[in-house]
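Results of the structural survey
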Amino acid sequence: MAQVISTQQFPYTYEGVDKKGQKVKGRLMAASELAAKADLRKQGVVARKLRKESQLFKGDKKIETSDIALFARQLATMLQAGIPMVQAFEIVGNGHEKPAMQKLLMAIKGDIESGTTLHESLAKHPLYFDDLFVNLVEAGEHAGALETLLDKIATYKEKTEALKKKIKKAMFYPAAVLVVAVVVTLILLIFVIPQFESIFKSFGADLPAFTMMVIGLSKFVQASGIYIGIVVAGCVYAFMYFHKRSRPLRQGIDRALLKAPIIGPLLVKSAIARFARTLSTMFAAGVPLVEALTSVSGATGNIVYQDATLRIRDEVATGLRLQKCMENTGLFPNMVVQMIAVGEESGSLDAMSGKIADFYEADVDAAVDAMSSLMEPLIMAVLGVLVGGMVIAMYLPIFKLGAVV
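A few points on the structure. All values derive from a computational prediction rather than experimental measurement. (Residues numbered from 1 in each chain as written. Predicted model: local features only at pLDDT ≥ 70, side-chain atom pairs only at ≥ 80, totals over all residues. Heavy atoms only, no water.)

**What to know about a nonpolar patch on the surface**
Test applied: Two distance rules govern patches: like charges are joined within 9 Å, and nonpolar side chains (Val, Leu, Ile, Met, Phe, Trp, Tyr) within 5 Å, applied only to residues with over 30% relative accessible area and no salt bridge. Residue exposure ignores everything except the shown protein chains as possible cover, and the areas themselves are Shrake-Rupley values with a 1.4 Å probe. Salt bridges are defined by distance alone: a side-chain nitrogen of Lys or Arg within 4 Å of a carboxyl oxygen of Asp or Glu. We count a stretch as a helix when DSSP gives it H or I for four or more residues in a row; a strand needs E for two or more, and each element gets its number in order from the N terminus. Relative accessibility under 20% of the residue-type maximum defines a buried residue, over 50% an exposed one, and the middle range a partly exposed one, all with a 1.4 Å probe and only protein chains included.
A cluster of nonpolar residues, Leu217, Phe220, Ile228, Val232, Val236, Tyr237, Phe239, Met240, Tyr241, Phe242 and Leu249, forms a patch on the protein surface that exposes about 1100 Å² of accessible area. Broken down by element, the nonpolar patch gets its largest block of residues, 10 residues, from helix α8 (residues 209-245). Structurally, Phe220 can be placed in helix α8. For Phe220, a relative accessible area of 46% gives the class partly exposed.

Rendered as structure tokens:
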């Protein structure tokens, strides 16, 4: 009967002595204690202490885009320093604080040791390495400039991640304040206003219409609040479920968001910045334009621009100029189209796309700051109306009673 060998790896911490007799310590991933010791011997380390880390209270944190960008930067630096690829993966993997990232890098290292190329190894993990990443690595391997391409990938990932964070920043603040406003309003309606209602009953006088309206709202929330909450939660779940599975729904929402009064222009600039940044990175790496546009489409972050980019790709494949194809979509400003035309004519499409990306990334940054400044007083006004309105409604009978006295 064949013996089944476990491939699951666990984190170990070690202390020992290297070939020079110096004390060293660190972490590594291994399937067992024997495998860990064997791995250390390969590195020239004699382990004095070796301990398996407990995973009982240690969460396996999710791998983020910033982790992938950091990995690309570290790998590029080590390859430029002349460190062999397998050893570079060993160093980067063991030095990472996230066990999930360690497992991922060690799995890739194992594939490379078995003779698989780097881009083929990365393609086995599409959740973390998209087509853009894999295509650029493949181009770097073929051109013999892998470290240069990895450096470009790291720069691209860092800039696109910074752009995403700016967009999230613009969305998060008003959403967070809105949630706080809803929670405060519910607390007032469920717990505070009923106390005032019991006091008002002892007055024996007619209450103002505004006060009666707020008390009626409080009774409605107390009686039907749980059902409203279930309906709202169900609607949110249904929306998220169908949003993931329905392309027409996503397309309709993305199109509507692009036309929204305040957030729309910001999303348009963000999509154009991603389009230009990805095109610049791919074209600079020597990837053919038609192939590059396939990766560009998935990086725009908006299904409307994604579909438009795929149409541009198909038209470019028939022999049309990129500038004309972009103009046909009606989604790109005249300045962008003209700069692309200049880049095509001068043979510097990558540099011109990079300038477009720089301009729109700076524009997004300024727009986020301006929108934050605009939203703060607006949100404060909404909070004041909600909370202040209910406070006034509760104090109106008291003021009326004081006037009578």
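**Section: a positive patch on the surface**
So the rule is basically this: Here the positive residues are Lys and Arg and the negative ones are Asp and Glu; neither His nor the chain ends is included. Charged side chains are reduced to one point each, which is NZ for Lys, CZ for Arg, CG for Asp and CD for Glu.
Together, Lys62, Lys164, Lys165 and Lys168 make up a positively charged patch on the protein surface. By the secondary structure assignment, Lys164 is in helix α7 (residues 146-201).

**Notes on helix α14 (residues 334-346)**
Applicable threshold: The length a helix should cover is 1.5 Å for every residue beyond the first.
Between its first and last C-alpha, α14 extends 18 Å over 13 residues, near the 18 Å set by a 1.5 Å rise per residue. Residue Gly347 follows α14 closely and has a positive phi angle near 75°.

**Focus: the packing of helix α10 (residues 263-284) against helix α11 (residues 289-299)**
Applicable threshold: To get an axis, a line is fitted to the C-alpha atoms, and for a helix only the part in contact is used. The angle between two axes follows their N-to-C directions and goes from 0 to 180 degrees. Handedness of a crossing is defined here by the sense of rotation of the near helix relative to the far one, left-handed for an anticlockwise turn of less than a right angle and right-handed for a clockwise turn. Note on definitions: a residue-residue contact is assigned when non-hydrogen atoms from the two residues lie within 4.5 Å. Put simply, Ala, Val, Leu, Ile, Met, Phe, Trp, Tyr, Cys and Pro go in the nonpolar bin, Asp, Glu, Lys and Arg in the charged bin, and everything else, Gly too, in the polar bin.
The contact between α10 and α11 brings their axes to 9 Å, and the two run at 145°. Crossing geometry of α10 relative to α11 is assigned as right-handed. Counting all contacts with α10, which are made through Arg274, Phe275, Thr278, Leu279, Met282 and Phe283, the residues of α11 involved are Leu289, Ala292, Leu293, Ser295, Val296 and Ala299. Along the lines of polarity and charge, the residues of the contact of α10 with α11 split into 9 nonpolar, 2 polar and 1 charged.

**Overview of the pattern of salt bridges**
Scanning the model with the defined rule gives 15 salt bridges in all. As a salt-bridge pair, Glu361 and Arg277 come within 2.9 Å of each other at their nearest N and O atoms. One end of the pair, Glu361, is in helix α15 (residues 349-404); the other, Arg277, is in helix α10, with 84 residues separating them in the sequence. In this structure Glu361 comes out as buried when scored by relative accessible area, which is 11%. For Arg277, a relative accessible area of 9% gives the class buried. With its nearest N and O atoms 3.2 Å apart, the salt bridge here joins Arg313 to Asp314. Asp314 sits in the partly exposed class, given a relative accessible area of 43%. Here the salt bridges share partners, and the residues they tie into one network are Lys159, Arg277, Asp358 and Glu361.

**Considerations on the side chain of Glu90**
Cut-off, in case you're wondering: Here a polar contact means two N or O atoms within 3.5 Å. Within protein one must be a hydrogen donor candidate and the other an acceptor candidate, and residues neighboring in sequence count only if both atoms are side-chain atoms.
Mapped onto the elements, Glu90 comes out in helix α3 (residues 85-95). Classification of Glu90 as buried rests on a relative accessible area of 9%. Separated by 2.9 Å, the side chains of Glu90 and Asn94 make a polar contact. Apart from residues lying up to four places away in sequence, Glu90 is in contact with Asp39, Gln43, Met106 and Lys109.

**Brief notes about the nonpolar core**
The condition is simple: By nonpolar core we mean a set of buried residues, namely Ala, Val, Leu, Ile, Met, Phe, Trp, Tyr and Cys, connected to one another through side-chain atoms within 4.5 Å.
Counting 39 residues, the largest nonpolar core has Leu322, Met326 and Phe332 as the members making the most contacts within it. Among the elements of the structure, α7, α10, α11, α12 (303-317), α13 (322-329), α14 and α15 are those that each provide at least two residues to this core. With sequence-adjacent residues up to four places away left out, Leu322 is seen in contact with Leu279, Leu289, Leu293, Ile312, Val316, Ile340, Glu344 and Leu349. Core analysis: the next-biggest nonpolar cluster, separate from the first, contains 37 residues, Leu105, Leu132, Leu136 and Met282 among them.

**What to know about the packing of aromatic side chains**
We describe a pair of aromatic rings using the distance from one ring centre to the other and the angle between the two ring planes. Counted only if it meets this: What counts as a ring pair is set by centres within 6.5 Å for rings of Phe, Tyr and Trp (its six-membered ring), and what kind of pair is set by the plane angle: stacked under 30 degrees, edge-to-face over 60, tilted for all other angles.
Within the structure shown, the criterion is met by 9 aromatic pairs. Ring geometry for Tyr241 versus Phe242: centroids 5.2 Å apart, planes at 90°, classification edge-to-face. Looking at Tyr241, the relative accessible area reads 36%, which means it is partly exposed. Take Phe242: its relative accessible area is 47%, and that puts it in the partly exposed class. Considering the side-chain rings of Tyr305 and Phe332, the 5.6 Å spacing of their centres and the 85° angle between planes classify their relative orientation as edge-to-face. Note that Tyr305 is positioned in helix α12 and Phe332 in the loop between α13 and α14, a separation of 27 residues in sequence. The same class applies to Tyr305 and to Phe332, which are both buried.

**Some remarks on the environment of Ile263**
In this fold, Ile263 is placed in helix α10. Each C-alpha atom, one on Ile263 and one on Met371, is 8.7 Å from the other, the two residues being 108 residues apart in sequence. Not counting chain neighbours up to four residues away, the residues in contact with Ile263 comprise Met171, Leu257 and Met371.

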